[in-house]
Amino acid sequence: MLDSELEYARKMLGHKPNSIELAMLDVMYSEHCSYKSSRPYLKLLPAKGKYVVVGPGADAGVVDVGQGWGVTFKIESHNHPSAIEPYNGAATGVGGIVRDILSMGGFPIALTDSLHFGSLASAHSKWLLKNVVGGIADYGNCMGIPTVSGEVKFNSSYESNCLVNCGCLGLMPLSQMPNNKPLVGQLIVLAGGTTGRDGIKGVSFASRGLTDRSEDDRSAVQIADPLTEKLITDALEEIKKQKLVYYQKDLGGGGLTCGLTESLGKGGLGAIVNLGRVFLRETGMPTDEVMVSESQERMLLFVEHPKLPAVEEILKKYLLAYAVIGETITEPVLRLYRNNQLVISTNPIAYTDVPVIQRKEAPQPAKAQAKKDADNDGAVGGFGRLGPKLLADLLGSQNVCSMDWIYRQYDHEVGARTVGKPSLDSALLQLPHTMLSVKTDSNAYLVFHEPRIGTMHVFAENWRNIIARGCLPIAYVDNLNFGNPEREAVMRQFGESVRGLVEASAILDVPCVGGNVSFYNEDEKTGVAILPNPVLMAVGIGKGFLPKPAACRNGDPIYLVNGIDGLYSAIAEFLGKPVAVPAIAMEQEKATGQFLLGQMGDESGKCPFKLVHDNSKGLGISALELALRYGFGVQLDTEDLFREGGYLIVTSQEAGKSLISSCGKRNIPIIKIGEIGNCNSISANGVSFDWAGLVERYNILPRMMGYG
Amino acid sequence: MSSHSEGLVGVVKFPGSNCDLDSVNALKSLGLGAELVWHTDFPKRIGDFTAIYIPGGFSYGDHLRAGVIAAFSPSLKAIRDFAKKGGRVLGVCNGFQILVESGLLPGALARNDTNTFICKWVGLELMENVSFLSPSTLPVTRNPKLISLPIANGEGKYMADEKTLERLKENKQIVFTYSSNPNGSALSIAGICNEAGNVVGMMPHPERAITPELGGTDGKEILLRAFKL
């Protein structure tokens, strides 16, 4: 805490904070809990729209998907814990985000994740990847929540700061949503896991840089117990249907301190809490540890007196430990008792109304040189004129190869809703009355080179992923992963990135309904920060579109629709070269998306498309992905094999003609880049590729990981 | 109480079951009577059911070993009595693990050879067998009798001693085998039945294969054949 913050807290409390209050303040004033550096930026994000029921600021956003159904979703980082203890760090990342969804009343139906590691050539990265995937798999699979979408990327900047961003999506009848704050005279029930010494001050640990001593912070990492969380989920479903709980709040970062003060702060209330009732995992825990422990799988339930017996019955049925630990009172003060002694009497608002820190942004960086380098490369090396031979190398590279080995470890079908499986583009889920598409994605390489426009490209790519599955994007959440906000250059990246989000979001009319900021992703010793990385998780609804590979015939044309001139992130990152980030015509993105959606959802005729695929890795790779995924050949005949943006679309020759003319009328660029060919035959601009060799390269990940 | 004329499948839910709703929904979508029952309520309700379905999931979090804790639940005693009288019991995935752990089916299910969880669609051959899912009752016209269903498990490798495997073969107790063994299962076994043929355990998930959108419909016939009166 800064001196000025201490002084502010003292004023708010009306007294000098004692040691317990200091511990509580320390977690609540952490960057992770307070968003003190990012709040002035986050409030700029457009957050209103016709689908929005609950916007940013709650445990998770809620959108109205029609016919009385709500979808609640959120994404959160668990970067620091995962860097130290990847298995439990990632598993509790899943557990934490699931509880946010439970708090809003959602029944979790899907998980997504965005994972970033250092180069896969390093043994450390392999160890992290294996255990992070293991942690997500064991937690999600055990809970029966399908992991349906995500990304895994590698860049040496993440070597000592991996990113583990976990998203969750829940479904509920909007009529069953709990209230957004407690009332006076309600019992406070703590239910679920025991409180122990794991995760002590985890949020404070997450709000500084990682050092070579961070390994000693293992006690700041929580331990995962997915069975308990599954039992909480099932118990809350019964409780929700009978409307037995008035308001509920998960215990995550900041533990009881955060759960109690935020709940009371929202309600303008106080509470009397008997800490002696908190069931502990070990003896001898002092009060400050009880208050800041981040032990997992715990929920606070605010219950009206007469409903307590019914709540207790359900908790008992599901074998859940629980205790009535207190009651809300009118006076806005939190009184903590232990052994019948008043331990502290403290003002909840002092913990939740944390003053903003106005961080300084560096002036426009001298990027002229970088841009010049990139331009030179464009002209001399010429990404646009690179030959087809590089395609095979790029296909077998760590950021492009198939991630099958990973998502096959996730039960991505439990729930029997997963219509569009994880592989290409976004996931597609069957809801009672609509299809729902969800995608979690990023492109740090572009953001690093031009934070504002790069972020807009990320936004557009998310949009295209949802469109490619026949859904209209309706809202998104973000997980903004950046370096140390005390550095002006980092704040510049952050500010620019947020300004890019604001612009893209406004034009595409896709509001933000929540998110998370993770700062301090840097190596404290070297001061080297990660590639700045805004990770976006968007959802869309609509009729849905499923690829029809069986309908593809020899000679069917492959088109690139609305590709972006001069966009080459995948090949540039692969070659380790700087990249110029071209401007993006957002209005054009919107018009193209809406046009394609109209074609896919055509009421009268049949959808003319056989395949639609977002082109995010360059059109050569995107075409190879289709061929290898669906088992047919392609003959590419086009300049600019590595160009990104837009959609690859396969139609019949007949439908292709009318697609060209429809695009022409709307000024949507369309070019034919090749044709579907004989099975097992792949060529690009006359260069033939060995099918088996490509398959081997594409599926290289398990071998790199030492499996098979 | 529901009418018994159409039959009523009791779907038993343990702490940690997670394919329970999928299973009930699948059965109902096929026009079958199905009811989800909490495991402690199961013994007193068992008389209401014409058949029993033990769904997949992670009963008791797979603590100790998949299925072993649920096998000691009072509901398993009731299910054993039900089976002894010839009642049909189908255990899927964790349900299969529970049936094996409770001794209703022979053998054991161990960690997959890949040492990972495996979620994918697999080809299965329906064998000549003595269960209610024999090829004569299941109208699989394709030849060989190949069907496609998804698996999703970490401990799905079927194991048994040589004598048991011999007996399974001789008695025609092997119900399904994998076309391409994904996990090192003995004899590529994906599902077996007891000697009487009224208790079947299988690792693949029929309840996830009932619409083309979900990836296939081969699960439909299996559920209908198992539970339609």
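Residues numbered from 1 in each chain as written. Chains lettered and ligands numbered in written order. Predicted model: local features only at pLDDT ≥ 70, side-chain atom pairs only at ≥ 80, totals over all residues. Heavy atoms only, no water.

### Things to note about the layout of surface pockets
Using a probe with the size of a water molecule, rolled over the atoms, empty space left in the structure can be pinpointed.
So, step 1. For the second largest pocket, the calculated volume is near 1,100 Å³.
So, step 2. Phe107(A), Arg417(A), Leu21(B), Asp22(B) and Asn25(B) are, among the 44 residues lining the second largest pocket, the residues nearest its centre.
So, step 3. For the lining of the second largest pocket, the secondary-structure elements that each account for two or more residues are strand E4 (107–117), strand E6 (163–173) and helix H9 (226–241) of chain A together with helix H1 (20–29) and strand E2 (34–38) of chain B.
So, step 4. In terms of residue count, H9(A) provides more of the lining of the second largest pocket than any other element does, seven residues in total.
So, step 5. Tallied by class, residues from the lining of the second largest pocket come to 22 nonpolar, nine polar and 13 charged.
So, step 6. Split by domain, the lining of the second largest pocket shows at least three residues from each of two domains, domain 1 (3–38 + 178–351) and domain 2 (53–174) of chain A. (1 Å grid on protein atoms, 1.4 Å probe; cavity = no way out; pocket = protein on both sides within 12 Å on 5 of 7 lines; lining within 4 Å. Points joined across faces, edges and corners; volume = space filled by probe spheres on them. Helix = DSSP H or I, 4+ residues; strand = E, 2+ residues; numbered from the N terminus. Nonpolar A, V, L, I, M, F, W, Y, C, P; charged D, E, K, R; others polar. Domains from an automatic or database assignment.)

### Considering the interface of chain A and chain B
So, step 1. If you look at the interface, chain A gives 25 residues, while chain B gives 25 residues.
So, step 2. A combined buried area of about 2,100 Å² lies between chain A and chain B, and 63% of that area is made up of carbon and sulfur atoms.
So, step 3. Interface area lost by chain A to chain B is led by Leu227(A), Arg408(A) and Glu413(A), which between them contribute 24%.
So, step 4. Our enumeration of links across chain A and chain B arrives at two salt bridges.
So, step 5. One can count eight residue pairs in polar contact (both at pLDDT 80 or more) joining chain A with chain B.
So, step 6. For the side of chain A that touches chain B, the elements supplying multiple residues, two or more each, are helix H7 (123–143), H9 and strand E14 (418–420) of chain A.
So, step 7. Take the side of chain A that touches chain B: its biggest share by element is four residues, from H9(A).
So, step 8. The residue makeup of the side of chain A that touches chain B, split by class, is 11 nonpolar, six polar and eight charged. (Contact = heavy atoms within 4.5 Å. Buried area = accessible area lost by both parts, 1.4 Å probe. Salt bridge = Lys/Arg side-chain N within 4 Å of Asp/Glu carboxyl O. Polar contact = N/O pair within 3.5 Å; in protein donor to acceptor, adjacent residues only side chain to side chain.)

### A short note on the domain arrangement of chain A
Residue and element names in this part refer to chain A.
So, step 1. One can read the domain layout of chain A as domain 1 (3–38 + 178–351) and domain 2 (53–174).
So, step 2. Taken over C-alpha atoms, the centre of domain 1 sits 22 Å from the centre of domain 2.
So, step 3. In this assembly, 34 residues from domain 1 lie in contact with 32 residues from domain 2.
So, step 4. Approximately 2,600 Å² of surface area, both sides summed, lies buried where domain 1 meets domain 2, with 59% of it carried by carbon and sulfur atoms.
So, step 5. Here domain 1 and domain 2 share two salt bridges between them.

### Considering the packing of helix H22 (residues 619–630) of chain A against helix H24 (residues 691–698) of chain A
Residue and element names in this part refer to chain A.
So, step 1. Contact geometry for H22 and H24: axes closest at 11 Å, N-to-C directions at 100°. The angle between H22 and H24 falls in the class roughly perpendicular. Between H22 and H24, the contacting residues are Leu624, Glu625, Ala627, Leu628 and Arg629 on the first element and Trp691, Leu694, Val695 and Tyr698 on the second.
So, step 2. Among the residues making up the contact of H22 with H24, the classes are represented as seven nonpolar, no polar and two charged. (Axes fitted to C-alpha atoms, helices over the stretch in contact; angles between N-to-C directions. Parallel < 35°, antiparallel > 145°, perpendicular 65-115°, else oblique.)

### Let's talk about the pattern of salt bridges
So, step 1. Considering all chains together, one arrives at 46 salt bridges over all chains under this definition.
So, step 2. A salt bridge links Arg10(A) to Glu7(A); the shortest N-O distance between them is 3.2 Å. You can see Arg10(A) and its partner Glu7(A) sitting in helix H1 (residues 3–13), three residues apart, about one turn around the helix.
So, step 3. With a closest N to O distance of 2.8 Å, Asp234(A) and Lys13(B) form a salt bridge. Of this pair, Asp234(A) sits in helix H9 while Lys13(B) sits in strand E1 (residues 9–13), which puts the two residues in different chains. In this pair, the class of Asp234(A) matches that of Lys13(B), namely buried.
So, step 4. Within this structure, Lys230(A), Asp234(A), Lys13(B) and Asp20(B) form a network of salt bridges that share partners. (Buried < 20%, exposed > 50% of the residue type's maximum accessible area, 1.4 Å probe, protein only.)

### As for the packing of aromatic side chains
So, step 1. Throughout the structure, instances matching the rule amount to 13 aromatic pairs over all chains.
So, step 2. Taken together, a centroid distance of 5.5 Å and an interplanar angle of 20° make the contact between Phe42(B) and Phe49(B) stacked.
So, step 3. Ring-pair connections join several aromatic residues into one group, and the members of that group are Tyr41(A), Phe482(A), Phe494(A) and Phe519(A). (Phe/Tyr/Trp six-rings, centres within 6.5 Å; stacked < 30°, edge-to-face > 60°.)

### Focus on the sheet that holds strand E18 (residues 512–518) of chain A
Across a sheet, paired strands are connected by hydrogen bonds in the backbone, their directions being either parallel or antiparallel.
All names here are of chain A.
So, step 1. Taken together, the six strands give an open sheet; going across it, the order is E14-E15-E16-E19-E17-E18, and neighbouring strands pair in mixed fashion. Of all the strands in the sheet, the pair left with one neighbour each is E14 and E18. The mean angle between the axes of side-by-side strands here comes to 25°, regardless of whether they run parallel or antiparallel.
So, step 2. Bridge analysis of strand E16 (residues 435–441) against strand E19 (residues 533–542) gives seven bridges, and the strand direction is antiparallel. Each residue of the ladder has a partner; that of Lys439, found in E19, is Ala538. (Pairing = 2+ DSSP bridges.)

### Notes on empty space enclosed by the protein
Residues and elements named next belong to chain A.
So, step 1. Within this structure, the stated rule accounts for three cavities of 30 Å³ or more.
So, step 2. Reported here for the largest cavity is a volume of approximately 50 Å³.
So, step 3. Residue lining of the largest cavity: Asn443, Leu446, His457, Glu461, Arg464, Leu567, Asn615, Ser616, Glu644 and Gly645, and that is the complete set.
So, step 4. Per-element accounting of the lining of the largest cavity gives the leading share, three residues, to helix H18 (residues 451–467).
So, step 5. For the lining of the largest cavity, the per-class residue count stands at two nonpolar, five polar and three charged.
So, step 6. In this structure, the second largest cavity encloses a volume near 40 Å³.
So, step 7. Surrounding the second largest cavity, Ala191, Ile232, Ala235, Leu236, Ile239, Met299, Leu301, Leu315 and Leu320 form its lining.
So, step 8. Contributing elements (two or more residues each) for the lining of the second largest cavity: H9 and strand E10 (298–303).
So, step 9. Among the elements that make up the lining of the second largest cavity, the one with the highest residue count is H9 (four residues).
So, step 10. Across the lining of the second largest cavity, the residue classes break down as nine nonpolar, no polar and no charged.

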